[in-house]
Amino acid sequence: MSDQDDQEADPLLFEVTDGVALLTLNRPHEGNAMAPNMLVALEAAWRRVNDDLDIRVVIMTGAGARHFCTGASVAQLEVGRGSLNNLSHQRANLFTPQQMHVTKPVICVVNGLCNGGGLHFVAEADIVIAHEQVQFMDTHVAVGQVSALESLGIARRAGPGAALLMGLAGRGYRMPATRAYQLGMVDLLEPTGEAALARGWELARAMAQNSPQAMALTKRAIWAVAKMHDPAALEFGWELLKSHWRHPDFEEGPRAFVERRAANWNPDPNARR
């Protein structure tokens, strides 16, 4: 790790409040670009999210008001550092929620420019919230790099045309938030960055009241549509649904509803009734 990495404190902020983990990319001096130390911190953060049963939902955003994430730190690109190693995708890119098999809901609050590798978090979030002045771009090719991972996720979320436009235009095109919203790359659009984050917290607090296991299986079922076709996707969803019948939350939810009380959810995915 370089001297520059050593001098930076907390490239990723991690706070937990009422079951909601707030992850903040914290390198505003470089547009929240991902240096190797941030990639290591992200991998550790996703492991903590997976292991901590008290964490129910994740919000991810960027520090400052100008940038969400401007991708990899170009000044620190070097094969063999961070995720730039000659390993399989499953072993090399462990800084994203899907690659780390995060089963809990992830809300991405895009509060500024999102570029290049920052698109990973947009492509892999369960819910994307942005404010109206946000822009999206992909400058990989402009600095001699290939856009071959996050662009696939964008193609699934917003269509191949959107991914090709950004991926091939490089610095020549910035997609407005309004267009990203029209294409489905953004799910909710808010007038300001503060409003976007507030909306994220509102949703996260509501989701934190739901059955953790039911949300995890719902998430797996819906994401399957991007990876399989019918009838395989339907069969996969049906098996997930049936697997929940053995979990305590399957009985606790209806019982709490009938008794008009808050449900006492069991956050352990391996619990059995």
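Up top is the structure.
Residues numbered from 1 in each chain as written. Predicted model: local features only at pLDDT ≥ 70, side-chain atom pairs only at ≥ 80, totals over all residues. Heavy atoms only, no water.

Focus on the pattern of salt bridges
To keep it simple, the criterion reads: What makes a salt bridge here is a side-chain nitrogen of Lys or Arg within 4 Å of a carboxyl oxygen of Asp or Glu, nothing more. Working definition: with a 1.4 Å probe on protein chains only, accessible area under 20% of the residue-type maximum means buried, over 50% means exposed, and in between means partly exposed.
Counted under the stated rule, the structure contains 12 salt bridges. Of the charged contacts in the structure, one is a salt bridge between Glu259 and Arg261, with a shortest N-O distance of 2.6 Å. On the basis of relative accessible area, Glu259 is assigned to the partly exposed category, the value being 47%. Taking relative accessible area as the criterion, Arg261 reaches 33% and is therefore assigned partly exposed. Put simply, Glu251, Glu252, Arg255, Glu259, Arg261 and Arg273 are held in one network by salt bridges that share partners.

Looking at helix H8 (residues 193-207)
Selection rule: Strands are runs of DSSP state E lasting at least two residues, helices are runs of H or I lasting at least four, and both sets are numbered from the N terminus onward. Here the expected length of a helix is defined as 1.5 Å per residue gap, with one fewer gap than residues. In this description, the arc belongs to the directions extending from the helix axis to the C-beta atoms.
Between its terminal C-alpha atoms H8 stretches 21 Å, which fits the 21 Å expected from 15 residues at 1.5 Å a residue. Where H8 is concerned, the buried positions are Ala196, Gly200, Trp201, Ala204 and Met207. All buried residues of H8 fall inside an arc of 135 degrees around its axis, so they share one side. Of the exposed residues in H8, the ones pointing more than 90 degrees away from its buried face are Glu194 and Glu202.

Focus on unusual backbone geometry
For Asn32, which is not a glycine, the phi torsion comes out positive at approximately 55 degrees. By the secondary structure assignment, Asn32 is in the loop between strand S2 (20-25) and helix H2 (36-51).

Some thoughts on helix H9 (residues 212-223)
For H9, spanning 12 residues, the distance from its first C-alpha to its last is 17 Å, which sits close to the expected 16 Å at 1.5 Å a residue. Turning to H9, its buried residues are Pro212, Gln213, Met215, Ala216, Leu217 and Lys219.

Regarding the state of the cysteines
What we call a disulfide is simply a covalent bond connecting the sulfur atoms of a pair of cysteines. Let me state the cut-off plainly: Any pair of cysteine sulfurs within 2.5 Å is marked as a disulfide.
The full count for this structure, using the stated rule, is zero disulfides. Among the cysteines around Cys108, which has no disulfide bond, Cys114 carries the closest sulfur, lying 6.8 Å off. Cys114 takes part in no disulfide bond, and the closest cysteine sulfur to it belongs to Cys69, at a distance of 6.6 Å.

Quick notes on the pairing of strand S1 (residues 12-17)
Applied cut-off: Any two strands between which DSSP finds at least two bridges are classified as paired.
Bridge analysis of S1 against S2 gives six bridges, and the strand direction is antiparallel. Paired with Phe14 across the bridge in S2 is Leu23. Hairpin connection, S1 to S2: the antiparallel pair is bridged by two residues, and Asp18 has positive phi, about 50 degrees.

Thoughts on the sheet that holds strand S10 (residues 188-190)
Rules: Only the stretch in contact is used when fitting a helix axis, every axis being a line fitted to C-alpha atoms; angles between N-to-C directions are given from 0 to 180 degrees.
One open sheet accounts for six strands, arranged S1-S2-S3-S5-S7-S10; its pairing is mixed. Sheet topology places S1 and S10 at the edges, where each strand pairs with a single neighbour. On average, adjacent strands in this sheet sit at an angle of 20 degrees to one another, irrespective of strand direction.

A few points about the nonpolar core
Spelled out, the test is: Nonpolar cores are built from buried Ala, Val, Leu, Ile, Met, Phe, Trp, Tyr and Cys residues. Side-chain atoms within 4.5 Å join them into one set.
Among the nonpolar cores identified, the biggest contains 43 residues, and Leu42, Trp46, Val110, Phe121 and Phe136 are the most heavily contacted of them. Counting residues per element, this core draws most heavily on H2, at six residues. In this structure, Ile59, Val109, Ala208 and Met215 belong to the second largest nonpolar core, which totals 14 residues.

Let's talk about the sheet that holds strand S4 (residues 67-69)
Sheets are built from strands paired through backbone hydrogen bonds, the pairs being either parallel or antiparallel. The strand order S4-S6-S8-S9 describes an open sheet built from four strands, whose pairing is mixed. The open sheet has two free edges, formed respectively by S4 and strand S9 (175-176), since each of these has just one partner strand. Strand direction decides the pairing type here: strand S8 (residues 135-137) and S9, joined by two bridges, are antiparallel. Residue pairing for S9: Gln135 is matched across the bridge by Pro176.

That's the geometry; what it means functionally is another story.
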